[in-house]
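Descriptive analysis of the structure
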Amino acid sequence: MVSPGRFTLSELDVDGYSEGTWSCRVNGGDPVDVGPYDAGVIDLAATQDVVCSITNDDQAPGLIIEKTVVNDNGGDASVADFGITTSATGTLDFTPDGGTDTIVYTSQTIAVDANTEYSLSELDVDGYSEGSWSCDGNNGGGGAFAAGAVTLDPGETVTCSITNDDDPATIVLRKSVDGGDATQADFDPYIGQDLVAWDDVIDILPGTYTLVSAKSGFERTVTGNIVVTPGSLATASVAMSA
């Protein structure tokens, strides 16, 4: 029992839940709104019996997946090549943004359940570094490229991202000499028109290259074309005879 008078009604605003509105029934009548969640007011007379109520609903969180592909060493992969999957319901639809070398692909916002763990995974693509998942939510989240996970709180929107960079191709040239007294050091190796060094590991853009080695008194050797792909190590051995 309370004395007649004016009474205030208030509750906290909880993240991830809708703010309710106070509603009161006087003597079993129709409900009447008496104010927002933190500022309800009801006047109670001596003969009145009042029931006041408020309702809060948890808001669905949203998951966004962001994929960055860096193709600065001749690679040409896109988001589709990495086969990104998640246990969240729905088909991923990515929108690209960026220049020639670096493109950021952003998915739509996927509605998920709060306090439920969702998996994040992608393929390991040859010639690209394996990325790791990173999430910006209250609960963190992330993990290895094929074993990421994230859990969302009610009402929050979380972006989980992963980056892959194409590895440079590399090539090594080696020389053997049959006959005469010349050694490897007496020959100048070329990749195309570029003078290089024997036995060095040389970073090179993927592509097809002509290898040349020559010395006076020896027949000029063109080894032909060699094809190198992102992240690969190509070794070419050049044999020469006097």
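Given the structure is predicted, the values throughout are model-derived calculations rather than measurements.

Before going further, it helps to spend a moment on the sheet that holds strand β3 (residues 32-36). Strand order in the open sheet made by the 3 strands is β3-β2-β5, with antiparallel pairing throughout. Two strands bound the open sheet, and with one partner strand each, they are β3 and β5 (50-53). Here the strands of the sheet are splayed against their neighbours by 25 degrees on average, with no regard to which way each runs. Pairing between strand β2 (residues 21-26) and β3: 4 bridges, direction antiparallel. Along β3, the bridge assignment pairs Trp 22 with Gly 35.

In this section: the environment of Leu 211. Its place among the elements puts Leu 211 in strand β20 (residues 207-214). Between the alpha carbons of Leu 211 and Asp 101 there is a distance of 28 Å; along the sequence they are 110 residues apart.

We now examine the side chain of Glu 122. Topologically, Glu 122 is positioned in the loop between β11 (117-121) and β12 (132-137). Among the residues examined, Glu 122 registers a relative accessible area of 3% and is labelled buried. Within the structure, Glu 122 has its side chain in polar contact with the side chain of Lys 67 (distance 2.6 Å). Engagement of the side chain of Glu 122 in a polar contact is seen with the side chain of Asn 164, the distance being 3.2 Å.

According to the stated counting rule, one finds 2 salt bridges in the structure shown. Measuring nitrogen to oxygen at the nearest pair gives 2.6 Å for the salt bridge that ties Glu 122 to Lys 67. Here Lys 67 lies in strand β6 (residues 62-70) and Glu 122 lies in the loop between β11 and β12, a separation of 55 residues in the sequence.

In this structure, Asn 115 takes a positive phi of about 60 degrees despite not being glycine. Take Asn 115: it is sitting in the loop between β10 (110-111) and β11. With a phi close to 70 degrees, Asp 199 is a non-glycine residue in the positive phi region. If you trace the backbone, Asp 199 turns up in the loop between β18 (194-195) and β19 (202-204).

Moving on to the pairing of β6. Taking burial as the measure, the 9 residues of β6 include 8 buried ones, the bulk of the element. Sheet analysis places β6 next to strand β15 (residues 157-165), joined by 9 bridges and oriented parallel. If you follow Glu 66 over to β15, its bridge partner there is Ser 161. Examined bridge by bridge, β6 and strand β9 (residues 102-107) share 5 bridges and lie antiparallel to one another. Of the residues in β9, the one forming a bridge with Val 70 is Thr 102.

Relative to the helices and strands, Asp 166 is located in the loop between β15 and β16 (169-178). In this structure Asp 166 is buried but unpaired, with Lys 67 as the nearest side chain of opposite charge at 12 Å. Among the polar contacts made by the side chain of Asp 166, one reaches the main-chain amide nitrogen of Asn 73 at a distance of 2.8 Å. Here Asp 166 is in contact with Val 70, Asn 71, Asp 72, Asn 73, Gly 74, Gly 75, Gly 127 and Tyr 128, once residues within four sequence places are set aside.

Once that is clear, we can look at the state of the cysteines. Within the structure shown, the criterion is met by 2 disulfides. With a sulfur-sulfur separation of 2.0 Å, Cys 24 is cross-linked through a disulfide to Cys 52. Across the S-S bond linking Cys 24 and Cys 52, the dihedral sits near 105 degrees, which makes this disulfide right-handed. Of the two residues, Cys 24 is situated in strand β2 and Cys 52 in strand β5; the sequence distance between them amounts to 28 residues. Assessed through its relative accessible area of 1%, Cys 24 is described here as buried. Paired through a disulfide, Cys 135 and Cys 160 show a sulfur-sulfur distance of 2.1 Å. The sign of the 115 degrees torsion about the S-S bond sets the Cys 135-Cys 160 disulfide as right-handed.

Reading the values: the criteria
- Residues numbered from 1 in each chain as written.
- Predicted model: local features only at pLDDT ≥ 70, side-chain atom pairs only at ≥ 80, totals over all residues.
- Heavy atoms only, no water.
- Pairing = 2+ DSSP bridges.
- Helix = DSSP H or I, 4+ residues; strand = E, 2+ residues; numbered from the N terminus.
- Axes fitted to C-alpha atoms, helices over the stretch in contact; angles between N-to-C directions.
- Buried < 20%, exposed > 50% of the residue type's maximum accessible area, 1.4 Å probe, protein only.
- Polar contact = N/O pair within 3.5 Å; in protein donor to acceptor, adjacent residues only side chain to side chain.
- Salt bridge = Lys/Arg side-chain N within 4 Å of Asp/Glu carboxyl O.
- Lys, Arg positive; Asp, Glu negative; His and termini not counted.
- Contact = heavy atoms within 4.5 Å.
- Disulfide = S-S within 2.5 Å.

Distances and angles like these do not, on their own, reveal function.
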